[in-house]
Amino acid sequence: MGAGSASTREKMFKAALELIADKGVSATTVDEIVERAGVAKGTVYYHFSGGKTELIEALIASELTPLAERLRQIAAEEASPAKRIAELVRAELAWIRDNRDFAKMLVTELWREERAWRDSLVLLRTNILGYFRDAIAEGVAAGAFRADLDPDFAASALFGMTVTVALDWLVFYPKRPLEFVAGQIDALASAAVRTGEPTAGR
């Protein structure tokens, strides 16, 4: 894909996100997207033959794949489950801060079962949650985390809490630094999952 083609896609993604943030996915039309992006209507179908549905699927992959890659990097570099979770949370917060409109769309769209792009969204969600789940499972196996934790449920709860806290932070406490917010979530998570005994590497 050439630079011009990539730039056109980015313009359409940006326009779609802005409109969706204002109106929601259902109320946003292809005509509005191309008007805001400053491209011809046929351009959408040139890049996305399935129209708005395919555009949204591509947008989801474009926005979530870099987050998944960053989490994969953290998982490969940080051996301590507790420290890894803290870094995963920081990465998620930074991503939401930098992709605020998309994060808002994610919150509203993830639980809508009728969407054509739900399968793509769920697949990416499962991949992302896997990094949290693996860290929690390793902590449980090592005796650093509570034995009664269900790694899948705990990962979902931690990821969801971070999304909710991040959006609340950006709206109501935007002057607070990311490290403060990450530290608060880490303290809450540690209190919820730790056995209460100090562990090596923490």
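This one's a predicted model, so the numbers in the text were calculated from it and none came from an experiment. (Residues numbered from 1 in each chain as written. Predicted model: local features only at pLDDT ≥ 70, side-chain atom pairs only at ≥ 80, totals over all residues. Heavy atoms only, no water.)

1. Let's talk about the pattern of salt bridges
Here's step 1: Scanning the model with the defined rule gives 11 salt bridges in all.
Here's step 2: Salt-bridge contacts for Asp134 lead to Arg133; the nearest nitrogen and oxygen are separated by 3.6 Å.
Here's step 3: Between Asp148 and Arg146 there is a salt bridge, with the nearest N and O atoms lying 2.9 Å from each other.
Here's step 4: Looking at Asp148, the relative accessible area reads 56%, which means it is exposed. (Salt bridge = Lys/Arg side-chain N within 4 Å of Asp/Glu carboxyl O. Buried < 20%, exposed > 50% of the residue type's maximum accessible area, 1.4 Å probe, protein only.)

2. Looking at the packing of aromatic side chains
Here's step 1: Tallying each qualifying case throughout the model produces three aromatic pairs.
Here's step 2: An angle of 80 degrees between the planes, with centres 5.8 Å apart, marks the rings of Trp95 and Phe102 as edge-to-face. The same class applies to Trp95 as to Phe102, namely buried.
Here's step 3: Ring centres of Phe132 and Phe159 lie 6.0 Å apart, and the angle between their planes is 75 degrees; this geometry places the pair in the edge-to-face category. Of the two residues, Phe132 sits in helix H7 (residues 118-142) while Phe159 sits in helix H8 (residues 151-172), which places them 27 residues apart along the sequence.
Here's step 4: A cation sits over an aromatic face here: Arg176 above Tyr173, 4.4 Å from the ring centre. (Phe/Tyr/Trp six-rings, centres within 6.5 Å; stacked < 30°, edge-to-face > 60°. Helix = DSSP H or I, 4+ residues; strand = E, 2+ residues; numbered from the N terminus. Lys NZ or Arg CZ within 6 Å of the ring centre and 35° of its normal.)

3. Considerations on helix H5 (residues 81-98)
Here's step 1: Between its terminal C-alpha atoms H5 stretches 26 Å, which fits the 26 Å expected from 18 residues at 1.5 Å a residue.
Here's step 2: With 14 of 18 residues buried, H5 is to be regarded as a mostly interior element. (Expected span 1.5 Å × (residues − 1).)

4. Focus: the nonpolar core
Here's step 1: Leu55, Leu64, Leu71, Leu93 and Phe102 are the most contacted members of the largest nonpolar core, which totals 64 residues.
Here's step 2: Of all the elements in the fold, those that place two or more residues in this core are helix H1 (3-23), helix H2 (30-37), helix H4 (52-77), H5, helix H6 (100-109), H7, H8 and helix H9 (178-193).
Here's step 3: At 10 residues, the largest contribution of residues to this core is made by H4.
Here's step 4: Leave out the neighbours within four places in its chain, and Leu55 touches Met12, Phe13, Ala16, Ile33, Val44 and Phe48. (Core = buried A, V, L, I, M, F, W, Y, C linked by side-chain atoms within 4.5 Å. Contact = heavy atoms within 4.5 Å.)

From the geometry alone we can't say anything about function, so treat these as descriptive.
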